[in-house]
Amino acid sequence: MSSAPGNGAPTELTVASRFNGPSASANGGYISGLLARCLGAKAAQVTLRMPPPLDRPLKVEQAVDTQLRLLDGGDLVAEAVPAPEPDEIVDPVPIDRAEEAQRRFRGWSGHPFPTCFTCGTGRDPGDGLRLFAGPVADGVGKGEEDTVACVWRPHASLAPEGRDTVPEEIVWAALDCPGGWSSDVSGRPMVLGRMSAAVWRTPVIERLHVIVGRLTGTTGRKAFTASTLYGADGAVLAAARATWIMIQR
């Protein structure tokens, strides 16, 4: 990212191809996190207006005092504004149940975006996050039919040199797909439309964490989800709400 003199927000950002969602565009959570970090608010809402391109500079423009716009030439890619901190925290799931749930990850049998940085089954360990959030309910659980969970041990490659925690945009990416998989993405492929999140504490490299997602509603082609990141000590590290748009295949 390139910064403008005297201004905390950069003038442009580029999403490397490593951080894709669908094969030809950026991971929605990752680019939302980048733009949120540019904004510098405690919590942010990012709306994606088109598939974010990879490997080319995108202009960051301050539209008003509290809004940033991300542009690809004259095309509006995304907008970011400050937002209230998420008030919907998904209930925690114990580590052993999260490990069991990820074995039921729906993407094992059919993944619309197998190279996705966050949840792609085709990504190698240390390259993608490999977050395979599966249903917590095993067919006999009650009240967990719309909840998914997985464990996350952040790889050392995710931390900037000299740090032992991952940057906030990686946390946004980690909160992204586990929310989406609470609605069966394999049966009804969707992409991120809007995401609001707050990161209160960044995860430590190589320590075990739990991510939970929950479907909170649907209407037409939209699905609404919540996701929460927990530390091994049970503390809430970050939380998000998202709106997903079903795509035509």
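Please refer to the structure higher up on the page.
Residues numbered from 1 in each chain as written. Predicted model: local features only at pLDDT ≥ 70, side-chain atom pairs only at ≥ 80, totals over all residues. Heavy atoms only, no water.

*Asks:* Please set out the overall build of the chain residue by residue, giving values where relevant.
*Replies:* Within the chain one finds three helices and 12 strands. For 249 residues, the compact-globule estimate of 2.2 N^0.38 gives 18 Å, and the chain sits close to it at 17 Å. Every one of the 249 residues in the chain was classed for burial, and the buried ones make up 51%. Excluding contacts between residues fewer than 6 apart, the proportion of contacts in the chain whose partners are at least 24 apart in sequence is 67%. When the accessible area of the chain is evaluated, it comes to approximately 11,000 Å², of which 47% is carbon and sulfur surface. (Helix = DSSP H or I, 4+ residues; strand = E, 2+ residues; numbered from the N terminus. Rg over C-alpha atoms; globule rule 2.2 N^0.38 Å. Buried < 20%, exposed > 50% of the residue type's maximum accessible area, 1.4 Å probe, protein only. Contact = heavy atoms within 4.5 Å. Areas by Shrake-Rupley, 256 points an atom, 1.4 Å probe, with all protein chains shown as cover.)

*Asks:* I'd love a proper account of the side chain of threonine 147, names of residues and values included.
*Replies:* One can find threonine 147 in strand β8 (residues 147-152). When sequence neighbours within four positions are dropped, the list of residues in contact with threonine 147 reads Val90, Gly134, Pro135, Val136, Gly213 and Arg214.

*Asks:* Give a detailed account of the pairing of strand β9 (residues 190-199), specifying residues and quantitative values.
*Replies:* Burial analysis of β9 places eight of its 10 residues in the buried class, which makes it a mostly covered element. Where strand β3 (residues 43-48) and β9 come together, five bridges link them in antiparallel fashion. Looking at the pairing, threonine 47 lines up with arginine 194 of β9. Across nine bridges, the pairing between β9 and strand β12 (residues 236-246) is antiparallel. Directly across from valine 191, in β12, lies its bridge partner isoleucine 245. (Pairing = 2+ DSSP bridges.)

*Asks:* Any chance you could break down helix α3 (residues 168-180) for me, citing the residues and the numbers?
*Replies:* Here α3 contains 13 residues, and its C-alpha end-to-end distance of 19 Å stays within 8% of the 18 Å for a straight helix at 1.5 Å per residue. Within the sequence span of α3, burial applies to Glu169, Ile170, Val171, Trp172, Ala173, Ala174, Leu175, Asp176, Cys177, Pro178, Gly179 and Gly180. (Expected span 1.5 Å × (residues − 1).)

All quantities given are derived from atomic positions and should not be read as evidence of function.
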